[in-house]
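Read off the chains here:
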Amino acid sequence: MLEVSELDAWYGDARALWGVSLTVGAGETVSIIGPNGAGKSTIVAAIAGLHPSVRGQVTVDDEDVLRLPAHRVCARGVAIVPEGRRVFGSMSVHENLVLGAYRRGVRERYRRTMAGVLELFPRLAARSAQPAGTLSGGEQQMLAIGRALMADPRLLLLDEPSLGLAPVVLDEVFAAIGAINARGVSVLLVEQDIDRALEISTRGYLLIEGRIVAGAPAAELRDREDVRRGILGL
Ligand code: ATP
């Protein structure tokens, strides 16, 4: 359903991506793994319409979305969970979730969508009135994912959900991503936590210095020593 082809990106004069091509099929979870600064966040930002300095092609269900404004990409069923969560700290959990359902067509059925999100993250249900800024890191990550789900996406872009989380919370967050995928949402996951990412993925891509250097079934990537070396710099 997602096809990225020959994607280049810049920050001013500095090049961040070189001819990145990748696909996510309907119902798949696909990971982009790679070290710090490889360009992983730039890829998801470009897909979501949040990075204007790009060249190439990005299609969602064969429709070109590159350079569409972010809200129009969202209207085509793509939602992003940005790196660092970016929840609205002074607003309640409930208000943050409602904000995720701003797009037309989704607003009308937001109660049903909300029930699905709270079923997935019971911790959020218990903290509905609490200011989001007072949640733990893991709970904020759950809220950021829940807020993206409120847009009822067919494709969810997740930018490093593991960032700064303790192992026990990570288990919960990754189990939730698996459950979201099982509900029929395709997932593109950007991660540095290779093992957790590949465990829930069908396929993965290794990105080094703005270039895809490997793309393979997740199990194959997990066993490759050069992948670990590429990411961990061993
Ligand atoms: P991380 O895992 O650390 O988030 P990443 O793989 O997501 O890294 P990006 O954040 O996409 O990498 O960055 C790719 C490259 O673009 C890096 O060299 C980074 O320094 C550069 N870059 C990112 N944001 C900007 C910016 N706002 N201005 C200039 N350069 C940037």
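Calculation criteria
- Residues numbered from 1 in each chain as written.
- Predicted model: local features only at pLDDT ≥ 70, side-chain atom pairs only at ≥ 80, totals over all residues.
- Heavy atoms only, no water.
- Helix = DSSP H or I, 4+ residues; strand = E, 2+ residues; numbered from the N terminus.
- Rg over C-alpha atoms; globule rule 2.2 N^0.38 Å.
- Buried < 20%, exposed > 50% of the residue type's maximum accessible area, 1.4 Å probe, protein only.
- Contact = heavy atoms within 4.5 Å.
- Areas by Shrake-Rupley, 256 points an atom, 1.4 Å probe, with all protein chains shown as cover.
- Core = buried A, V, L, I, M, F, W, Y, C linked by side-chain atoms within 4.5 Å.
- Pairing = 2+ DSSP bridges.
- Axes fitted to C-alpha atoms, helices over the stretch in contact; angles between N-to-C directions.
- Near = heavy atom within 4 Å.
- Polar contact = N/O pair within 3.5 Å; in protein donor to acceptor, adjacent residues only side chain to side chain.
- Nonpolar A, V, L, I, M, F, W, Y, C, P; charged D, E, K, R; others polar.
- Arc of directions from axis to C-beta.

On to the overall build of the protein, then. What the protein contains, in helices and strands, is ten helices and ten strands. In terms of overall dimensions, the protein is globule-like: its C-alpha atoms have a radius of gyration of 17 Å, near the 17 Å expected for 234 residues. Taken along its principal axes, the extent of the C-alpha atoms in the protein is 45 × 35 × 30 Å. Taken across its 234 residues, the protein has 50% of its residues classed as buried. Partitioning the intrachain contacts of the protein with sequence separation of at least 6 by distance along the chain shows that 68% fall at a separation of at least 24. On the protein, roughly 10400 Å² of surface is accessible, and the fraction owed to carbon and sulfur atoms is 51%.

Take the nonpolar core next. The nonpolar side chains of soluble globular proteins are, as a tendency, buried together. Counting 43 residues, the largest nonpolar core has Ile-33, Phe-121, Leu-143, Ile-145, Leu-156 and Leu-158 as the members making the most contacts within it. For this core, the element with the most residues is helix α7 (residues 167-182), which contributes seven residues. When near neighbours in sequence (up to four residues on either side) are disregarded, Leu-158 contacts Val-81, Ile-145, Ile-177, Val-187, Leu-188, Leu-189 and Val-190. One finds Leu-7, Ile-47, Ala-48 and Val-65 within the second-largest nonpolar core, a separate group that totals 31 residues.

Quick look at the sheet that holds strand β8 (residues 186-191) now. Sheet architecture is open: six strands sit in the order β6-β7-β8-β3-β9-β10, paired in mixed fashion. The open sheet has two edge strands, β6 (78-81) and β10 (211-217), and neither has a second partner. Across the sheet, the mean angle separating the axes of adjacent strands is 15° when strand polarity is ignored. Two elements, strand β3 (residues 29-33) and β8, share five bridges in a ladder whose sense is parallel. Pairing of Ser-31 across the sheet is with Leu-189, part of β8. Strands in contact with helix α1 (residues 40-47) are β3, β6, β7 (155-159), β8 and β9 (203-208); relative to β8, the strand with the most contacts, it is inclined by about 150°.

Neighbouring residues of the ligand: 13 residues in total, closest Asn-36, Gly-37, Lys-40, Ser-41 and Thr-42. At a separation of 2.7 Å, an oxygen atom of the ligand approaches a polar side-chain atom of Asn-36. Burial of the ligand by the surrounding chains reaches 57%, relative to a free accessible area of 630 Å². Looking at the shell around the ligand element by element, the count peaks at three residues for α1. The residue makeup of the shell around the ligand, split by class, is four nonpolar, six polar and three charged.

Pairing is antiparallel in the open sheet, where four strands are placed in the order β2-β1-β4-β5. Each end of this open sheet is capped by a strand with a single partner; those strands are β2 (14-24) and β5 (63-64).

Restricting attention to buried positions, one finds in helix α3 (residues 93-100) the residues Val-93, Asn-96, Leu-97 and Gly-100. Projected onto a plane normal to the axis of α3, the buried residues spread over an arc of 95° and lie on a single side. On its buried face, α3 is in contact with α4 (110-120), α5 (122-126) and α6 (137-149).

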